[in-house]
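Each chain is listed here by its residues.
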4 protein chains.
Amino acid sequence: MSDKFHDECGVVGVFNHPEAANLVYLGLYALQHRGQESAGIASNENGKMFLEVGMGLVADVFRRDRLTKVPGNTAIGHNRYSTAGQSHLKNAQPCLINYSDGSMSLAHNGNLVNADTLRRELVSTGSIFQSTNDSEVIVHLMAQAEGKSFIDRAAAALGQVKGAYSLILMSENEILAARDPHGFRPLCLGKINGAWVVSSESCVFDLIEAEYIREIEPGEILQIDKDGIRSFFPFPKAPMKKCVFEHIYFARPDSFIFNENVYSIRKAMGKAMAQESLVDADLVIPVPDSGVLSAMGFAEEAKLPFEMGLIRNHYVGRTFIEPQSQIRHFGVKVKLNAVRQILKGKRIIVVDDSIVRGTTSRKIVKMLFDAGAKEVHVRISSPPILHSCFYGIDTPTKNELIGSTHTVEKIREYLNADSLVYLSQERLLSVMKNGENEYCTACFDGNYPVPLVDKELETSQLGLFNEKQPAD
Amino acid sequence: MSDKFHDECGVVGVFNHPEAANLVYLGLYALQHRGQESAGIASNENGKMFLEVGMGLVADVFRRDRLTKVPGNTAIGHNRYSTAGQSHLKNAQPCLINYSDGSMSLAHNGNLVNADTLRRELVSTGSIFQSTNDSEVIVHLMAQAEGKSFIDRAAAALGQVKGAYSLILMSENEILAARDPHGFRPLCLGKINGAWVVSSESCVFDLIEAEYIREIEPGEILQIDKDGIRSFFPFPKAPMKKCVFEHIYFARPDSFIFNENVYSIRKAMGKAMAQESLVDADLVIPVPDSGVLSAMGFAEEAKLPFEMGLIRNHYVGRTFIEPQSQIRHFGVKVKLNAVRQILKGKRIIVVDDSIVRGTTSRKIVKMLFDAGAKEVHVRISSPPILHSCFYGIDTPTKNELIGSTHTVEKIREYLNADSLVYLSQERLLSVMKNGENEYCTACFDGNYPVPLVDKELETSQLGLFNEKQPAD
Amino acid sequence: MSDKFHDECGVVGVFNHPEAANLVYLGLYALQHRGQESAGIASNENGKMFLEVGMGLVADVFRRDRLTKVPGNTAIGHNRYSTAGQSHLKNAQPCLINYSDGSMSLAHNGNLVNADTLRRELVSTGSIFQSTNDSEVIVHLMAQAEGKSFIDRAAAALGQVKGAYSLILMSENEILAARDPHGFRPLCLGKINGAWVVSSESCVFDLIEAEYIREIEPGEILQIDKDGIRSFFPFPKAPMKKCVFEHIYFARPDSFIFNENVYSIRKAMGKAMAQESLVDADLVIPVPDSGVLSAMGFAEEAKLPFEMGLIRNHYVGRTFIEPQSQIRHFGVKVKLNAVRQILKGKRIIVVDDSIVRGTTSRKIVKMLFDAGAKEVHVRISSPPILHSCFYGIDTPTKNELIGSTHTVEKIREYLNADSLVYLSQERLLSVMKNGENEYCTACFDGNYPVPLVDKELETSQLGLFNEKQPAD
Amino acid sequence: MSDKFHDECGVVGVFNHPEAANLVYLGLYALQHRGQESAGIASNENGKMFLEVGMGLVADVFRRDRLTKVPGNTAIGHNRYSTAGQSHLKNAQPCLINYSDGSMSLAHNGNLVNADTLRRELVSTGSIFQSTNDSEVIVHLMAQAEGKSFIDRAAAALGQVKGAYSLILMSENEILAARDPHGFRPLCLGKINGAWVVSSESCVFDLIEAEYIREIEPGEILQIDKDGIRSFFPFPKAPMKKCVFEHIYFARPDSFIFNENVYSIRKAMGKAMAQESLVDADLVIPVPDSGVLSAMGFAEEAKLPFEMGLIRNHYVGRTFIEPQSQIRHFGVKVKLNAVRQILKGKRIIVVDDSIVRGTTSRKIVKMLFDAGAKEVHVRISSPPILHSCFYGIDTPTKNELIGSTHTVEKIREYLNADSLVYLSQERLLSVMKNGENEYCTACFDGNYPVPLVDKELETSQLGLFNEKQPAD
């Protein structure tokens, strides 16, 4: 039984800047939405490596003087996503190991589909593992690679792994930024005062006032050392398969990833929805924050009033514990509240980015009716999720996905909504450049661009795939 | 020299509900925006009182089993606002004291203007003080009141204090909810399964599924005990002077206070601004979150596109510590980021609720220009703040208020904006019912409805009023 | 119902030394045995007072930079004793209050017998109380005293309280050290580099390399200010009634208190026991650490071998939590282990200082027999405790005292010991100078030198005296 | 450069008891003296392994419900010794790894002398290391072992390591207890209600009421599984070389290790000292706690009075931080205080177990003279330490050992003592069974029974041996 993590994370690396760790810290701050479970920074001071990791938000992990414990002018950092019940310090990243050429460190965003298979091979020849991270597979493969140089080791190791990775490797005198041949996850290159920065999203560059240079290309390993940057493409070319969910939900709207601005894409999704599924209504409201931009696009296209009919309490954090109580099950009410005066007697179109299990959406519909809405029409800016993601988005197993087990009409009934329309896959992809060809849509249509090696292995052994509980 | 707090806070009370403390906890959660410095709950179990207070957010203070330490079916709670540098546990509320009739507890929102004066009188006759809270003055006055009953003591004590208070008092067999004769701060009454709830704002009732009943009236002391509720008006009638800033900034938009919905008022402010100060522009954007609703109203009225041109990082919390660094002074950039693709080449109207010192606004204007804006027009949904508030809003001293020291044109120059227009006081008040008569506008026009007793005392002694640094 | 504390505590004060708080911190360290529940330091820097208190050991409360928060060249400190279940931060000392003459702070060791009575009077005229400390009564009385000067106020207040106190008061420009007329608790004066130090025990002076000067006299108020020290005796003379338990158990053996060395007294008790109650045996062993010195005295006098037949695990601290377990009730075994090879087949005399409930002694006897002892003879270096202490030693109520409810023979049966002999009161007192006249022996004979005002009050109201559970 | 730890630790294992983790917890408690830096427990519930480790004392690491996180009926635990400045969570034990046969866990006491050499070989073939523990070498060797069974793997791995180890290995269905062929460190077998317990010292059995069965033999691997226990001796027989310092200092006096009672050995050392080095004196006093038993033996043999002339403050813990201060350097005074009334005018023999750097002893001599001693004669219950230990006792490098750099007379001069005599090696060994043959005395005479492989490696590379600062 696998209990590995799906790695939805944020990574940052800074090479040759006197305040490397400080910049990485700020970068992790800007990437906090990509992972709140743990945060860590590894640094390199004249070939000596340091590591500090901890559970929780970046700002909680790096209190007081802890940043001084990661000295040096090169550093890499990592935020891990929170999946319910499986958070262990040993799985926090970056990892830092000793091998025959000294020390190296790795920060990895993505999910490998053959990590378990490779791990079995490695352990069968005597390797030992201390975490359930995919990343530990990569460093093992690197340690055993024949190549003389660090980049040769990286190329040899990454040549064996399959799946999604956008990662940063730090040796004693360089960093490497690598992105898998399909380019599932974003990874960008920036520059600040002559120093190089690598980051999952461009919003990091805005915060630290770095200049956006370009994406790391799919299949590229970019070597950054004192002589500058050099590009390597050691793997066979593969079709681009960027994760469509980065645009739908995951990335920050102010980021520029996959060579497009997330904000604009989201608004365009809203407009496409309005074209596909307009209904006679009085108001368009978003489920905040995820539905705000597509709701704005919808309202604009439909020429309907846009209102913030649901108010979000931003103080709801990880530490909220529902009191043991008869009056429990506040659920989404702790986060959201409906504005009765806006909604009363109105026919409402409520816009969200996706439906996973449906329980939250059902509560929202009830909340709107309770606040006096006359009709509630749910519009979702993506097609139904029918299949689990194995490339790094933390989706539940198929039979927990309401889209996989219910028809749209049955989902509408479950939500008690007057209507429910999902954006079609065709229109969704139409709002992105080359959307039809360059994006992975496996969660909608089951077309997995990389074979699910581990999953087949498990299935062949009658094992069950890891049942994780994502935050809905 | 006074170092007392300005009390912008949230209060909740629940009488006779089996889960009193749990409900108060949830209520404080919903009122977290009114105070993040400390949180506390006092409860009453069969006449025995319990108190738990701590520094920080409600959810941090009441971790694990701490709620079980405030048993009983009656409880009151308090959130305190964070003012820089003056946070002490001893000032956290509720306060719980023993006096001749047993125990009592108090949670207070507002600021008294004669607390120092009363304190001097009290200590001159032998009273001792352990905090710098106004509230300690009130409980001293109650303890010394001649009256036989709790409500008589309360009336006697509150008859002596001047200024703003919306407070909840708990005796061993009742609670009292009291609001000063001018009604500066809001205070509402609700009902849940036959139990009474009192709260600063109505959003509490929505969360715990209580029914909104009415406001506590200015000058009213409402007694809630096993026999039900009884209303007392022991003070001379005074003109209503509700705090206009509750509508402009402080209250939650989903709250219904002062008999109006905050959301609607804020949108109306935006429309009024558009009528007063429209300029030729391409986009209206808010400073999130405070400017969102008025920007929406502005855009709607002006028929201009509304965009979220500034994205807020909601993970920026109290724990963020800027790293010691050459590259420091990220200031507002840690919280806000501009969306270049939306702003580039555009003439922008940016809407916020107020300007205190101007430093943040200046950074925002720069951020917008850096993101490519062609013109930046700043619109503020309230008049310039010229005077300090002594009734409970934490404003800096006059000479730190940019509105007090600079003309509007000079402020515009300082902000480097193409234009700057504040909403006129007349139009602002016009969006509220009886706005002209029933609201306190002292911060705009210096018409303090209650004489500043302590301040005069200090001035006469050549003392300086406490120089606090509010969060801008 | 009273829930006040019995105050067995340690106090330290330093006047006019550049490192006042550091010295107080070290002093509290040396007095840690007198109280582990909470620790606090109040300081005075040019008339401005600072206070830091916390729950736990001195070294835990004052981590990192917290000592820098109590600046100034005068400081007083306090350790509070841990009584089960009643530890609240609000009861931690020193207390620091504001009154008509400014600020003052108090650290108090001892227990007043009329505190409740005085408190009732005070609250009946409008005073409010925030803690259940006796000390709060004293500061109220001082605040209301007519006297012009600080020492006049102190004399007026202390003239009204009855019972045991050894206390240190700090005003804005002096400190006072006061001891009640009977001199129940110790209090010493020392000198370090021209600065004055006051401390519960002389071991503090050893640690900070101060010179022992003398005891504060019973009934003395010693004023220490920039002009030096001055002695006042404002109260009627009373018979000396020093606490015999300080010598038996409470004080450190390396301390010189009540003008005698504790170590020597304890050894003399052991010798007296050997003279009174020698039995044919092979070994004398102590219950460590409390019985070590009297066991040594016993063995020496009896010319029997002395062995450490019970080994104490000094890592057992306050944090030990017995695991929830079938195999629980390790009780004293976690602290003590018997050395089988020493005890096997031997007739053992085991020496301890006292028996409170008897449960621990019973387990020890069992442990000795389990380790192979042939006979176990228990010798106690004090008479049976028949009566509760109301002057500051935390004893349980009478009916929990095994000495009060059982004859010595019944206690022996309960312990399963071969013999049990207590040291007679006469011989106990004989080892101290003027023992017969100058010591309080109320816990043995019920002769309370100060009438138990509060207790009578409670009894007359059919109230029950507070049932506290002391550590056995 | 090596920065590995010298492993002086405590280990406990429990097989097949419903409260395995609880018993291990209590066992670690009893072994707290063997390591205070970190504590950890690994458990096995039906083949699934769990691990909890943390920095600090056992009772601090396992607060609240943490023991519930190590479920199952088999568990092993580990206490690590504190060495200054090198404490990292990643080095805490037990370690828990995944390898080709599943999971295994290891708790190790001792120090390998060829760990660095083996590590180099392992990394040269691609292994990666995450800690600087010797233990990680062992689990790597086991993972790579050809053998089919767990015990075969253990035998293969342990056949390659050299040095000292007493360790417990846990597979998914058994535990192994192994002791190196020389038997440097103790390891005992016990039984509780039919379940097996393994522990560094027998005091663990006393606490949990287990029966002491026997020692694990030098060179033995004891397999414990559901079928019972089986003994294996897979290594060539080697001369017994038990660590003499376990008897001198390290083990608890109530433990029975190396088939002898530590308490009796220590007293016998004292007697031997008296025979070798009696001097005309008035008193014998120990340096508590380490010198207590040998001082008692000395006094008994010399027929001189024994007194506790130095009192130890047992509240001095790891958290004590000397305040930044002019009056700093309290050093040993915070821990020890001299009893003036006992020492004044006396000729004192002060007994301790060893002298490492001499700084503490020097302060103690000064403290005794300051307290009035007329003469101070230092007696040490072991020979001078001339050589570093490489088998698990944390001694400083040779040039920091005062015994290595100074003659006894020069040491006496440094201490300012009237005389200084060490117990001779011959007499020391004479108090143990077969002492001359069965004990390692390398620290006294440099006869290292196992060649120092790593050290030679380092020396040949002109490396410096790791300069650690042991607690004196």
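What counts as what
- Residues numbered from 1 in each chain as written.
- Chains lettered and ligands numbered in written order.
- Predicted model: local features only at pLDDT ≥ 70, side-chain atom pairs only at ≥ 80, totals over all residues.
- Heavy atoms only, no water.
- Least-squares fit on C-alpha atoms with pLDDT ≥ 70 in both.
- Contact = heavy atoms within 4.5 Å.
- Pairing = 2+ DSSP bridges.
- Helix = DSSP H or I, 4+ residues; strand = E, 2+ residues; numbered from the N terminus.
- Axes fitted to C-alpha atoms, helices over the stretch in contact; angles between N-to-C directions.
- Buried < 20%, exposed > 50% of the residue type's maximum accessible area, 1.4 Å probe, protein only.
- Patch = residues over 30% accessible without salt bridge, like charges linked within 9 Å, V, L, I, M, F, W, Y side chains within 5 Å.
- Areas by Shrake-Rupley, 256 points an atom, 1.4 Å probe, with all protein chains shown as cover.
- Salt bridge = Lys/Arg side-chain N within 4 Å of Asp/Glu carboxyl O.
- pLDDT = per-residue confidence, 0-100.
- Phe/Tyr/Trp six-rings, centres within 6.5 Å; stacked < 30°, edge-to-face > 60°.
- Buried area = accessible area lost by both parts, 1.4 Å probe.
- Nonpolar A, V, L, I, M, F, W, Y, C, P; charged D, E, K, R; others polar.

## Details of the relation of the copies chain C and chain D
With an RMSD of 0.1 Å, the fit of chain C onto chain D corresponds to turning through 180° and sliding 0.0 Å along the axis. The superposition of one copy onto the other is thereby described by a two-fold rotation axis. Every residue of chain C has its C-alpha some distance from the rotation axis, and the shortest such distance is that of histidine 314 of chain C, at 3.5 Å. An overlap of 98% is found between the interface residues of chain C and their copies at the interface of chain D, pointing to a shared contact surface.

## Thoughts on the sheet that holds strand β8 (residues 174-179) of chain D
Strand pairing within a sheet occurs via backbone hydrogen bonds; the two strands may be parallel or antiparallel. All names here are of chain D. Pairing in this open sheet of six strands is antiparallel, and the strands run β5-β6-β7-β8-β12-β13 from one edge to the other. For this open sheet the edge positions go to β5 (95-99) and β13 (228-232), each flanked by a neighbour on one side alone. Averaged over neighbouring strand pairs, the angle between their axes works out to 20° when direction is ignored. Taken together, the five bridges between strand β6 (residues 102-109) and strand β7 (residues 166-170) define a ladder with antiparallel strand orientation. Along β7, the bridge assignment pairs histidine 108 with leucine 167. Set on the sheet, helix α4 (residues 134-144) makes contact with β5, β6 and β7; between it and β6 the angle comes to about 140°.

## So, the pairing of strand β17 (residues 283-286) of chain A
Residues and elements named next belong to chain A. Of the two faces of β17, both are covered, the one formed by Leu283 and Ile285 as well as the one formed by Val284 and Pro286. Sheet analysis places β17 next to strand β20 (residues 347-352), joined by four bridges and oriented parallel. Across the sheet, valine 284 pairs through a bridge with isoleucine 349, a residue of β20.

## Some thoughts on a nonpolar patch on the surface
Together, Met55 and Leu89 of chain A together with Met55 and Leu89 of chain D give the surface a local cluster of nonpolar side chains, amounting to about 300 Å² of exposed area. Tracing the backbone through its elements, the reader meets leucine 89 of chain D in the loop between β4 (74-80) and β5.

## Concerning the confidence of the model for chain A
Residue and element names in this part refer to chain A. Averaged over every residue, the pLDDT of chain A is 89; the share at 70 or more is 90%. In the predicted structure, residues 1-7 sits below a pLDDT of 50 and forms 41 contacts with residues beyond four places in sequence or in another chain. Overall, residues 461-472 carries pLDDT values under 50, and its contacts beyond four positions in sequence, including any with other chains, amount to 40 contacts. In the predicted assembly, ipTM is 0.91 and pTM is 0.87.

## Brief notes about the packing of aromatic side chains
Under the definition given, this model contains 42 aromatic pairs over all chains. Here the aromatic rings of phenylalanine 184 of chain B and tyrosine 391 of chain B are separated by 4.3 Å at their centres, their planes lie at 25°, and the arrangement is stacked. Taken as a pair, phenylalanine 184 of chain B in the loop between β8 (174-179) and β9 (188-192) and tyrosine 391 of chain B in the loop between β21 (375-380) and α12 (402-405) lie far apart in primary sequence, 207 residues in all. A ring pair is formed by phenylalanine 205 of chain C and tyrosine 212 of chain C, whose centres lie 6.2 Å apart and whose planes are at 50°; its orientation type is tilted. Assessed through its relative accessible area of 1%, phenylalanine 205 of chain C is described here as buried. Of the residues examined, tyrosine 212 of chain C reaches a relative accessible area of 26% and is grouped as partly exposed.

## Examining the interface of chain C and chain D
Between chain C and chain D, the contact holds 62 residues from the first and 61 residues from the second. Here chain C packs against chain D, burying approximately 4900 Å² in sum over the two surfaces, 60% of which is carbon and sulfur. Interface area lost by chain C to chain D is led by Tyr29, Tyr263 and Tyr315 of chain C, which between them contribute 14%. Connecting chain C to chain D are four salt bridges. Of all the secondary-structure elements, those providing two or more residues to the side of chain C that touches chain D are α1 (20-30), α2 (58-61), α6 (203-208), α8 (262-277), α9 (292-302), β19 (336-338) and α10 (340-343) of chain C. Each residue belonging to the side of chain C that touches chain D can be placed in one class, and the counts come to 32 nonpolar, 17 polar and 13 charged.

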